Amino acid sequence: MNIYENDAVYNLTDTCVSPLTFKQLLAMDHSSLLDTLKLDYGVIAGDQRLRKSILGLYQTGTIDNITLADGCLHANELVMNTLLEPGDHVVTFTPGYQQFSEIPRSLGCEVTEIPLHEENHWQPERDDIEAAFRDHPIRLAILNLPNNPTGSVLDEELLGTLLQCARVSNSYILADEVYRDPELPSAADLYPLAVSTGSLSKLFSLAGLRLGWIKGPAQLIQKINERRDYAMISTGPLRDTLAFIALENKDQLLLRSRKRMEEDKAIVQNWLDQEPHAAMVMPASGTVGFLKYEAGFKSEELAKELLKTSGVFFVPGSCFDCEYHLRLTFTADPEIEQKGLSLLSEYLASHQKK
């Protein structure tokens, strides 16, 4: 994305719902909190008002269960670096976000990747989950809820299996919930050793704030805060206050994002109904889905040529070790979503004739 995103005319892979402008966010500062803000280090673990607002996205805990980070990516890294040592065993799911397997490997951990099956709505096999915990002492299980790139959420039975296996083996669970709508349950509310991470990037349309958080056991949060002292000190009062303003208006922001995603999903579903060379398991939540296509080109070649010839940008499935797929998101202006899919259809149709 770093290399190609700026060349996009029709970006159909951006995971963040139509970003707010700074002016739009400032207009939500109804109490003029920014007028008297002192730009010191602020509260090291994060402004208490902000942590209380973040806690409102969950069902359990206190602000001692919350700490802040530079986005969800950094939050995940802080959790993994705090919990993992060389020789530990980690379980994750594939296709999935590369960070979940590559950072543990870089720390000297062994990683078991459990496949998600497209024909089963991108769900894993129960036997695979049980076998992973039976075959190794698992230190940490890592997953997206919802998943990137498929948009799937573990169904209730399989999530229960994962939680039960973790309980028996006393394993931690790291749930990256950056795509989670607060209406969905959080892993951190379901299991004492579950750690949930999130941010304002996706449904809150504020990726540029780089404001993420961790919700987990208080003892682990304390250890993470000690590690943060050597890496970032604090997120600072400016970001904390802007994030607090956003969460004070969370209902408005979430309504805005849900409306956009519903519009785009309707466009995508209508397109799928008419497009013979593509299919997708439509996700129930989140901003991403994994589009399967029929063509002779592998996904990276297709994505590069489509961007060059039509300005349509996708992340290729090869980035997730899953060929003949493209990550499609439900965040673009409806006109862009419609036009980008139309150009993809033209490309697929022309390629079928070759």
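Structure: above.
Residues numbered from 1 in each chain as written. Predicted model: local features only at pLDDT ≥ 70, side-chain atom pairs only at ≥ 80, totals over all residues. Heavy atoms only, no water.

Digging into the environment of Glu77
So, point 1. Among the structural elements, Glu77 can be located in helix 3 (residues 71-83).
So, point 2. Separated by 249 residues in sequence, Glu77 and Leu326 place their C-alpha atoms 26 Å apart.
So, point 3. Beyond its immediate sequence surroundings of up to four residues, Glu77 is in contact with Gln99 and Ile103. (Helix = DSSP H or I, 4+ residues; strand = E, 2+ residues; numbered from the N terminus. Contact = heavy atoms within 4.5 Å.)

Remarks on the packing of helix 10 (residues 299-310) against helix 11 (residues 334-352)
So, point 1. Direction vectors running N to C along helix 10 and helix 11 enclose 115°, while the axes themselves pass 11 Å from each other. The interaxial crossing formed by helix 10 with helix 11 has right-handed handedness. Between helix 10 and helix 11, the residues in contact are Leu302, Glu305, Leu306 and Ser310 and Leu343, Leu344, Tyr347 and Leu348, respectively.
So, point 2. Residues of the contact of helix 10 with helix 11, tallied by class, amount to six nonpolar, one polar and one charged. (Axes fitted to C-alpha atoms, helices over the stretch in contact; angles between N-to-C directions. Left-handed = near helix turned anticlockwise from the far one by under 90°. Nonpolar A, V, L, I, M, F, W, Y, C, P; charged D, E, K, R; others polar.)

Description of the packing of helix 2 (residues 48-55) against helix 8 (residues 237-248)
So, point 1. One can describe the packing of helix 2 onto helix 8 by two numbers: an axis separation of 9 Å at closest approach and a directional angle of 35°. Regarding helix 2 and helix 8, the two cross each other, and that crossing is left-handed. Counted together, Arg49, Leu50, Ser53 and Ile54 of helix 2 and Asp240, Thr241, Ala243, Phe244, Leu247 and Glu248 of helix 8 form the full contact between these two elements.
So, point 2. Within the contact of helix 2 with helix 8, the residues separate by chemical class into five nonpolar, two polar and three charged.

Quick notes on the sheet that holds strand 10 (residues 288-293)
So, point 1. Ordered in space as 9-10-13-12, the four strands form an open sheet in which the pairing is antiparallel. The open sheet has two edge strands with one neighbour each: strand 9 (278-280) and strand 12 (315-316).
So, point 2. Alignment of strand 10 against strand 13 (residues 325-329), held across five bridges, turns out to be antiparallel. By the bridge assignment, Phe290 is partnered in strand 13 with Arg327.
So, point 3. In this fold helix 11 packs onto strand 10 and strand 13, with an angle of close to 165° to the strand it touches most, strand 13. (Pairing = 2+ DSSP bridges.)

Here's the deal with the pairing of strand 5 (residues 138-144)
Within a regular strand, the side chains alternate between the two sheet faces.
So, point 1. Within strand 5, six of the seven residues are buried, leaving the element largely enclosed by the surrounding structure.
So, point 2. Pairing between strand 3 (residues 89-94) and strand 5: three bridges, direction parallel. When the sheet's bridge partners are listed, Val91 is paired in strand 5 with Ala141.
So, point 3. The handedness of the strand 5 to strand 6 (residues 172-176) crossover, carried by helix 6 (residues 156-169), is right-handed. (Buried < 20%, exposed > 50% of the residue type's maximum accessible area, 1.4 Å probe, protein only. Right-handed = clockwise from strand over helix to strand, strands pointing away.)

Focus on the nonpolar core
So, point 1. In this structure, Leu200 and Leu302 are the most contacted members of the largest nonpolar core, which totals 53 residues.
So, point 2. At seven residues, helix 9 (residues 250-274) tops the list of elements feeding residues into this core.
So, point 3. Dropping the residues within four chain positions of it, Leu302 is found in contact with Tyr293, Ala295, Phe297, Leu326, Tyr347 and Leu348.
So, point 4. With 51 residues, the next largest nonpolar core counts Leu84, Tyr172, Leu220 and Val281 among its residues. (Core = buried A, V, L, I, M, F, W, Y, C linked by side-chain atoms within 4.5 Å.)

Re a nonpolar patch on the surface
So, point 1. On the surface, a cluster of nonpolar side chains totalling about 280 Å² of accessible area is made up of Tyr41, Ile44 and Ile233.
So, point 2. Relative to the elements of secondary structure, Ile44 occurs in the loop between helix 1 (22-26) and helix 2.
So, point 3. Judged by relative accessible area, Ile44 falls into the partly exposed class, the value being 33%. (Patch = residues over 30% accessible without salt bridge, like charges linked within 9 Å, V, L, I, M, F, W, Y side chains within 5 Å. Areas by Shrake-Rupley, 256 points an atom, 1.4 Å probe, with all protein chains shown as cover. Salt bridge = Lys/Arg side-chain N within 4 Å of Asp/Glu carboxyl O.)

Quick look at the packing of aromatic side chains
So, point 1. Taken as a whole and assessed by the stated rule, the structure comprises five aromatic pairs.
So, point 2. Ring centres of Tyr97 and Phe100 lie 5.7 Å apart, and the angle between their planes is 80°; on these two criteria the pair is classed as edge-to-face.
So, point 3. Residue Tyr97 is classed as partly exposed on the basis of its relative accessible area of 28%.
So, point 4. With a centroid separation of 5.8 Å and an interplanar angle of 85°, the aromatic rings of Phe290 and Phe320 are classed as edge-to-face. Taken together, the residues span a long stretch of sequence, with Phe290 in strand 10 and Phe320 in the loop between strand 12 and strand 13 at a distance of 30 residues. The residues Phe290 and Phe320 share a single accessibility class, namely buried.
So, point 5. Through a chain of ring-to-ring contacts, the aromatic side chains of Trp122, Phe290 and Phe320 assemble into a single cluster.
So, point 6. The positively charged end of Arg180 is found above the aromatic ring belonging to Tyr58, 5.0 Å away from the centroid. (Phe/Tyr/Trp six-rings, centres within 6.5 Å; stacked < 30°, edge-to-face > 60°. Lys NZ or Arg CZ within 6 Å of the ring centre and 35° of its normal.)

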